[in-house]
Amino acid sequence: MIVFLVALLLNGTLASAAPYSESEIAAVIKSDEAHVRSIRAQEMHQLQLTLSRRMPQNRRADLYFRLAELYLEAYREEFLLEGRAHEKRVAQGAKGTIDRSRSKPYLKLGVQACEQIIKIGLSFPKMDQVYYFLGVNSNELGDKKRAGRAFTLLVKKFPQSIFAGEAFRELGENAFAEKNYRDAQNYLGQAARRTQGNNLPRILHRLAWSYYRTKQYDRALATMKDTIAHLAKGGDQLVSLKEEALRDIAVFFTEAGRVNEALAYFEQVAGDMDFYAKALERLGKQYERSKDPKRAGQVYETILKTRPEDEAAFRVLAKLIETDIKRGKLGDAANRLKGTTRIEKVGEDETGIIAANLRALVRRTATESHEKYRKKGDRPALQVAEVFYRIYL
């Protein structure tokens, strides 16, 4: 099987059968990449020829290990080339997702090479890396069970390996995806203790969420603060993750009921007290999309209490008034309206448009209530009409 696939690579049959043609790949590959690619293919072919002969088992393990390295390199390069070819198609108006049929065969070959080393059963000096390769290839193929077994063996047999931190991270990510948050906390905590540099805040970010999912809000907050502190040292390449972490910690503060602390934190860390209100507004909209109006309302009420003069506060006030009116809670809506003068500030920006729409809603509510009194003699409706007319005028 391995010899067959390598042969296909060398004569071009595999490339021509792929969704991205050889000409498409040739158009996006750089000259130095093409040179390395050719040398790699030749080395894989020579290794297969050598492995077809009889030789000592320790020598076979070395050759299979080298093959595993080459297959992972080849996968990563083909993955990159598929992405470039896809982007070129999209630029020409094509739709659809990236096809990975060029790169995925290398993952399967990598799995086979690693399993051959394990099957030999020798005390191979790079066995930790073999388990790491096996786990990575399996994960990329979507075989989470085999990946989990490989990473678990790695951390149990080689806890001091330089690959142990990454193995713990992968185990944590898989546990989190399966909603096994307690296991995720254990694995990610182990990973964090073994990791430095720009990968550390990514691990801490996921760890914070695993605490949040188990309602350990204090630990979630402390870990997310640690995440943001590390991200502040990471430079421009981590800006998007920092923005995400700041939005997330706004959620954590709110769920923990530590609103005043949140205001001081965002003024210090983000340099913007309004950031919290904006983050809460996005959170409220998210709850609305998730069909959770109760939690959305709680978030909006928090904005009104913490930043009543903020434009975000006025936007959510308008939303709450509209909700009250739709539910027939006209008294509540009127009480909210009495506390704001922004209804008069009609304009072309977002807040001005919301103010104009709110004025129209107030006027419509007043006229409908007055019409109800005129036709049915409903005295409470007349009182509502008077209140809303007064607000409108």
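Located above this text is the structure these notes cover.
Residues numbered from 1 in each chain as written. Predicted model: local features only at pLDDT ≥ 70, side-chain atom pairs only at ≥ 80, totals over all residues. Heavy atoms only, no water.

Mind laying out a positive patch on the surface, listing which residues take part and the relevant values?
Side chains of Arg247, Arg282, Lys285 and Arg289 sit close together on the surface and give a patch of like positive charge. By residue number, the principal contributor to the positive patch is helix 15 (residues 274-289), which donates 3 residues. Tracing the backbone shows Arg247 in helix 13 (residues 239-256). (Patch = residues over 30% accessible without salt bridge, like charges linked within 9 Å, V, L, I, M, F, W, Y side chains within 5 Å. Areas by Shrake-Rupley, 256 points an atom, 1.4 Å probe, with all protein chains shown as cover. Salt bridge = Lys/Arg side-chain N within 4 Å of Asp/Glu carboxyl O. Lys, Arg positive; Asp, Glu negative; His and termini not counted. Charge placed at Lys NZ, Arg CZ, Asp CG, Glu CD. Helix = DSSP H or I, 4+ residues; strand = E, 2+ residues; numbered from the N terminus.)

How would you explain the packing of helix 4 (residues 31-51) against helix 5 (residues 57-91) if you had to name every residue and give the values?
Two numbers describe how helix 4 lies on helix 5: the axes approach to 10 Å, and their chain directions differ by 150°. Here helix 4 is positioned roughly antiparallel relative to helix 5, judged by the angle of their axes. Like other packed secondary-structure pairs, helix 4 and helix 5 cross with a definite hand, here left-handed. Among the residues making up the contact of helix 4 with helix 5, the classes are represented as 11 nonpolar, 2 polar and 10 charged. (Axes fitted to C-alpha atoms, helices over the stretch in contact; angles between N-to-C directions. Parallel < 35°, antiparallel > 145°, perpendicular 65-115°, else oblique. Left-handed = near helix turned anticlockwise from the far one by under 90°. Nonpolar A, V, L, I, M, F, W, Y, C, P; charged D, E, K, R; others polar.)

Outline the nonpolar core, supporting the account with residue identities and numerical values.
The biggest cluster of nonpolar side chains holds 90 residues, and the ones touching the most others in it are Phe252, Phe266 and Tyr276. The biggest single contributor to this core is helix 5, with 11 residues. Look past the residues within four positions of Phe252 in its chain and what remains in contact with it is Ala208, Trp209, Tyr212, Ala220, Leu221 and Met224. Judged by nonpolar contacts, the second largest core, of 14 residues, contains Ile321, Ala333, Leu361 and Val362. (Core = buried A, V, L, I, M, F, W, Y, C linked by side-chain atoms within 4.5 Å. Buried < 20%, exposed > 50% of the residue type's maximum accessible area, 1.4 Å probe, protein only. Contact = heavy atoms within 4.5 Å.)

Got a sec to walk through helix 13? Specific residues and values, please.
With 18 residues, helix 13 extends 26 Å between its outermost C-alpha atoms, agreeing within 8% with the 26 Å of an ideal straight helix rising 1.5 Å per residue. Turning to helix 13, its buried residues are Leu241, Ala245, Leu246, Asp248, Ile249, Ala250, Val251, Phe252, Phe253 and Thr254. Count one or two residues on from helix 13 and you reach Gly257, which has phi positive near 75°. (Expected span 1.5 Å × (residues − 1).)

With reference to specific residues and values, describe the packing of helix 7 (residues 127-141) against helix 8 (residues 144-157).
Their axes nearest at 8 Å, the elements helix 7 and helix 8 cross at an angle of 160°. Compared by their axis directions, helix 7 and helix 8 come out roughly antiparallel. Regarding helix 7 and helix 8, the two cross each other, and that crossing is left-handed. Between helix 7, through Asp128, Tyr131, Tyr132, Leu134, Gly135, Val136, Ser138, Asn139 and Leu141, and helix 8, the contact on the second element is made entirely by Lys144, Arg146, Ala147, Ala150, Phe151, Leu153, Leu154 and Lys157.

Pulling in residues and values, what's your account of the pattern of salt bridges?
If you walk through the whole model with that rule in mind, you get 20 salt bridges. For the salt bridge of Glu170 with Arg169, the shortest nitrogen-to-oxygen distance reads 3.0 Å. Its salt-bridge partner being Asp218, residue Arg258 comes within 2.8 Å of it at the nearest N-O pair. Here Asp218 lies in helix 12 (residues 217-231) and Arg258 lies in the loop between helix 13 and helix 14 (259-269), a separation of 40 residues in the sequence. Salt bridges sharing partners connect three or more residues here, namely Glu166, Arg169, Glu170, Glu173 and Arg206.

An account of the packing of aromatic side chains is requested, with residue identities and associated values reported.
A complete count under the given rule lists 14 aromatic pairs for this structure. Summarising the aromatic geometry, the rings of Trp209 and Phe252 are spaced 5.0 Å apart at their centres and angled 75° between planes, so their arrangement reads as edge-to-face. Placement of the pair is Trp209 in helix 11 (residues 199-213) and Phe252 in helix 13, with a sequence separation of 43 residues. For Trp209, a relative accessible area of 14% gives the class buried. Exposure remark for Phe252: the relative accessible area of 0% places this residue in the buried category. Here the aromatic residues Phe65, Phe124, Tyr132, Phe133, Phe151 and Phe163 are joined through ring pairs into a cluster of three or more. The residue whose ring lies beneath Arg100 is Phe79, and the NZ or CZ to ring-centre distance is 3.5 Å. Over the ring of Phe176 we find Arg206; its NZ or CZ atom is 4.6 Å from the centre of that ring. (Phe/Tyr/Trp six-rings, centres within 6.5 Å; stacked < 30°, edge-to-face > 60°. Lys NZ or Arg CZ within 6 Å of the ring centre and 35° of its normal.)

Give me the lowdown on the side chain of Thr227, citing residues and values where you can.
Looking at the element boundaries, Thr227 is found in helix 12. Among all residues touching Thr227, those that are not within four sequence positions of it are Pro201, Leu204 and His205.

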